[in-house]
Amino acid sequence: MLSRRFVLAAGLTAMTLPRAKGWAASQKVSPQDLALVDVLTWGVTPSLLDDFLALGREKWLRAQLKPPSRQQVPADVQQQIDALTISPQSVVDLARDFETEARTAKMITDPAERAKAKKLHQTAMIDIARQAETVSILRALYSPDQLGERMTWFWFNHFNVYQGKGNIRVLVGDYEHNAIRRHALGYFRDLVMATLCHPAMMRFLDNADNRVGHVNENYAREIMELHTMGVGSGYTQQDVEQLARILSGAGIDFQSDDPRLKRKWQPLLVRDGAFLFNPARHDFSDKIFLGQTINGSGFPEIEQAVDMLCAHPATARHIAHRIALYFVSDYPPEALVTRMAQRFTQSRGHIPSVLDTMIRSPEFMASLGTRFKEPVRYVYSAVRMAYDGKVIVNTAPIQSWLKQLSEGLYNRLTPDGYPLESSAWSSSGQMMARFDIAHRIGSGAAALFRLPGEDGAGESALPVLQNGLYFDAWRATLSRQTQAALDKATSPQEWNTLFLSSPEFMS
């Protein structure tokens, strides 16, 4: 598919395209460093490489693995985020308002008016989810903590929830920011507990319905199969059943008052925002989980079980394999996975330590420039490259492109998340969709710079990708076939489209 496009381009009349400013000719970056920065971020840009060269590789890597807490998105990006409806509200207040609205709609006696009210309620929830997508996209594109943002997407996908279930559309933005992003470069155990104690996970995997006498095993099964130990790691159906009993009583409560409880149970109630551990719904019998006895004590049982899961050797290997799959190869080298798993265990699940082991490995360095980009990484990297130095004001086109590529944010229906294997994203249909998106981005994508609902063509924003960075760094990484096709482009728009469609840019 790519070669056919290049063959057509090679037959066109050549033209000389202007060389853009913004990249000092004296600055040099090696192909290896170019690929390193590209794979650890949502896409290399001239300004990002300026920072990399100013700091040097070691300092830049340290800053990405342990970002300074003071780092923020640019002020104009933060202003966009702050202006959204979801920004000033707590998730508890937001969900409570929507619950009240839903109850009010149900009480309407006129069928037509009731249907109208329910439709408005659903539309409002969809808008909240779109706002959450906007925040996610803006942070991915403009946050200086680029590795942290890549890991935020990785962990959300690992602990996936689907926005279309129940009221998760109202919860998903808070879930991504407070349960995932805040722990994306922390300790794995904290990440597991943060997702466990979030109402989005409780609702998605039905643990809010898990109570003594009516045990629901959905979350218990997935936390072992997907989140920690992995399939075929030695746990049994009995372990799933025991873990479900341990998790009984963990659920959701958006009410401002605590539930009425017997006096003996009142000290055992645990509330964290909308998460509620209700001891009246918990199975207090002793359990045998992974061969160990867990005495019935309430919420401490959950903490003990999570500690056991996170310390299990199978979890270390499963997480190491998933991270290597994300960054290195569809078939990560066993030696690399083993070293990453050992570091996971030694550091008690410290995520930056595991990443550091991977990044400094010869296997990782050898893989640079070979990892085919999944749709989210492709779209983000193309937008970042095309519009470095410009801030988009409308993320709706990006949301649409991701859905067109079958990787819409918060849209994976199943708890396993989107595939990490490159082979899942390289079909002919996927390639044709990418060519279309490359053309839109390369031709200006004016809608990105036009506020939603505004009329007119939008600001002219034709990117100049044939710039100093291209001549000093990118061109050396391209095959002769790709270079020949680019040299024959008849317009800046066509050149941009071909570059963003090239095999090298997609890797």
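Residues numbered from 1 in each chain as written. Predicted model: local features only at pLDDT ≥ 70, side-chain atom pairs only at ≥ 80, totals over all residues. Heavy atoms only, no water.

When its secondary structure is counted, the protein chain shows 24 helices and 5 strands. On C-alpha atoms alone, the protein chain measures out to a radius of gyration of 25 Å, which is about the 23 Å that the 2.2 N^0.38 rule sets for 507 residues. A principal-axis box enclosing the C-alpha atoms of the protein chain has dimensions of 80 × 60 × 40 Å. For the protein chain, the share of sequence-separated contacts (at least 6 apart) that also reach a separation of at least 24 residues comes to 72%. Summed over all atoms, the accessible surface of the protein chain reaches about 21,600 Å², with 52% contributed by carbon and sulfur. One way to put it: in the protein chain the 55 positive side-chain charges average out to a point 1 Å from where the 53 negative ones average out. (Helix = DSSP H or I, 4+ residues; strand = E, 2+ residues; numbered from the N terminus. Rg over C-alpha atoms; globule rule 2.2 N^0.38 Å. Contact = heavy atoms within 4.5 Å. Areas by Shrake-Rupley, 256 points an atom, 1.4 Å probe, with all protein chains shown as cover. Lys, Arg positive; Asp, Glu negative; His and termini not counted. Charge placed at Lys NZ, Arg CZ, Asp CG, Glu CD.)

Moving on, we come to the side chain of Gln146. With respect to the helices and strands, Gln146 occurs in helix α8 (residues 146-158). Overall, Gln146 belongs to the buried group, its relative accessible area being 1%. Residues contacting Gln146, with those up to four places away along its chain left out, are Leu40, Thr41, Trp42, Gly43, Gln64, Arg139, Ala140, Leu141 and Arg384. (Buried < 20%, exposed > 50% of the residue type's maximum accessible area, 1.4 Å probe, protein only.)

The next point concerns the nonpolar core. Of all hydrophobic cores here, the largest spans 154 residues; its most connected members are Trp155, Phe327, Tyr380 and Ile398. Those residues in contact with Ile398 that sit more than four places away from it in its chain are Ile137, Leu141, Val379, Tyr380, Val383, Ile392 and Leu448. (Core = buried A, V, L, I, M, F, W, Y, C linked by side-chain atoms within 4.5 Å.)

A separate point is the environment of Val37. The residue Val37 is located in helix α2 (residues 31-40) in this model. Each C-alpha atom of the pair Val37 and Phe188 lies 24 Å from the other, and the pair is 151 residues apart in sequence. Residues within four places of Val37 in sequence aside, it is in contact with Val44, Leu48, Leu49, Phe52 and Trp60.

With that settled, consider the pattern of salt bridges. What the rule picks out here adds up to 22 salt bridges. A salt bridge links Glu176 to Arg181; the nearest nitrogen and oxygen atoms lie 3.9 Å apart. Each member of the pair Glu176 and Arg181 is classed as buried. One salt bridge in this structure joins Asp307 and Arg189, with 2.8 Å as the shortest N-O distance. With Asp307 in helix α14 (residues 299-311) and Arg189 in helix α10 (residues 188-196), this pair connects stretches of sequence that are 118 residues apart. Each of Asp38, Lys373 and Arg377 takes part in one network of salt bridges that share partners. (Salt bridge = Lys/Arg side-chain N within 4 Å of Asp/Glu carboxyl O.)

The strand order across the open sheet built from 3 strands is β1-β3-β2, with neighbouring strands paired in antiparallel fashion. Among the strands making up the open sheet, the edge pair consists of β1 (250-252) and β2 (270-272). Neighbour-to-neighbour, the strand axes of this sheet turn through a mean angle of 25°, independent of strand direction. Note: β1 against strand β3 (residues 275-277), 3 bridges, orientation antiparallel. Bridge pairing in β3 places Gly251 opposite Leu276. (Pairing = 2+ DSSP bridges. Axes fitted to C-alpha atoms, helices over the stretch in contact; angles between N-to-C directions.)

This brings us to the confidence of the model for the protein chain. This prediction gives the protein chain a mean pLDDT of 92; 93% of its residues lie at or above 70. Under a pLDDT of 50 for its full length, residues 1-26 has, in the predicted model, 61 contacts with residues more than four places off or in other chains. (pLDDT = per-residue confidence, 0-100.)

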